[in-house]
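Fold and geometry: a report
In case you want the letters, here they are:
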Amino acid sequence: MARLSLVFFISLGVVLGGSILGSIGATLAKESPIKIMSQLSQEIKLWAVVTAMGGTFSHLRIIEGGMFEGKFILIFKQFVLLMVAFLGAQLGIWLISIITGGN
């Protein structure tokens, strides 16, 4: 359970932090911070999931081992971790959407 909450909050933090700090950069570049924040939250989603999972190759090897060795519980655990990471990133996008006025 601790690993699930860690993965969830890492992906949430990557989306929120990247979007908010990116909007500061947009302000310095004299662009609309609200527009950039909304765009960045969508663009960062995949990177947030990969970061929360801790890299992709080790998890792909676990899935491969689970498939070829018949350890389907490993595949299920990796799938649950992936879904939790996606949920954290999606919550971050939803929160940024609320902050930016539903853009």
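Here is a short report on the structure shown in this document. Here the structure is a predicted model, which is why all the values come from computation and not from measurement. (Residues numbered from 1 in each chain as written. Predicted model: local features only at pLDDT ≥ 70, side-chain atom pairs only at ≥ 80, totals over all residues. Heavy atoms only, no water.)

Description of the overall build of the chain
The number of helices and strands found in the chain is four helices and zero strands. Listed N to C, the secondary structure of the chain is α-α-α-α in terms of helices and strands. Within the chain, residue pairs in contact and separated by at least 24 positions form 74% of the contacts whose partners lie at least 6 positions apart. Accessible surface for the chain amounts to roughly 6600 Å². Of this, 73% is attributable to carbon and sulfur atoms. (Helix = DSSP H or I, 4+ residues; strand = E, 2+ residues; numbered from the N terminus. Contact = heavy atoms within 4.5 Å. Areas by Shrake-Rupley, 256 points an atom, 1.4 Å probe, with all protein chains shown as cover.)

A look at the nonpolar core
Judged by nonpolar contacts, Val7, Val15, Ile44, Ala48, Val49, Ala52, Met53, Leu81, Val84, Ala85, Ala89 and Ile93 together constitute the single largest core of 12 residues. Counting residues per element, the ones that place at least two in this core are helix 1 (2-28), helix 2 (33-53) and helix 4 (72-99). (Core = buried A, V, L, I, M, F, W, Y, C linked by side-chain atoms within 4.5 Å. Buried < 20%, exposed > 50% of the residue type's maximum accessible area, 1.4 Å probe, protein only.)

Details of helix 1
What sets the pattern is the α-helix's 3.6 residues per turn: residues three or four places apart point alike. Under the 1.5 Å per step criterion, the end-to-end length of helix 1 is 38 Å for 27 residues, consistent within 8% with the ideal 39 Å. Lining the buried residues of helix 1 we find helix 2 and helix 4. Two residues or fewer past helix 1, lysine 30 is found with a positive phi of approximately 60°. (Expected span 1.5 Å × (residues − 1).)

Focus: the packing of helix 1 against helix 4
Where helix 1 meets helix 4, the closest approach of the two axes is 8 Å, and the angle between their N-to-C directions is 35°. The handedness of the crossing between helix 1 and helix 4 is right-handed. Judged by residue contacts, Arg3, Leu4, Val7, Phe8, Ser11, Leu12, Val15, Leu16, Ser19 and Ile20 of helix 1 engage Val80, Leu81, Val84, Ala85, Leu87, Gly88, Ala89, Leu91, Gly92, Ile93, Leu95 and Ile96 from helix 4. Partitioned by chemical class, the residues of the contact of helix 1 with helix 4 number 17 nonpolar, four polar and one charged. (Axes fitted to C-alpha atoms, helices over the stretch in contact; angles between N-to-C directions. Left-handed = near helix turned anticlockwise from the far one by under 90°. Nonpolar A, V, L, I, M, F, W, Y, C, P; charged D, E, K, R; others polar.)

What about the packing of aromatic side chains?
Tallied over the entire structure, the rule returns one aromatic pair. Ring geometry for phenylalanine 8 versus phenylalanine 9: centroids 5.1 Å apart, planes at 90°, classification edge-to-face. Classification of phenylalanine 8 as partly exposed rests on a relative accessible area of 22%. (Phe/Tyr/Trp six-rings, centres within 6.5 Å; stacked < 30°, edge-to-face > 60°.)

Considering the side chain of serine 11
Residue placement: serine 11 occurs in helix 1. Judged by its relative accessible area of 0%, serine 11 falls in the buried class. From its side chain, serine 11 meets the backbone oxygen of alanine 85 in a polar contact 2.9 Å long. If we skip the residues at most four places from it in the chain, serine 11 touches Ala48, Ala52, Val84, Ala85, Gly88 and Ala89. (Polar contact = N/O pair within 3.5 Å; in protein donor to acceptor, adjacent residues only side chain to side chain.)

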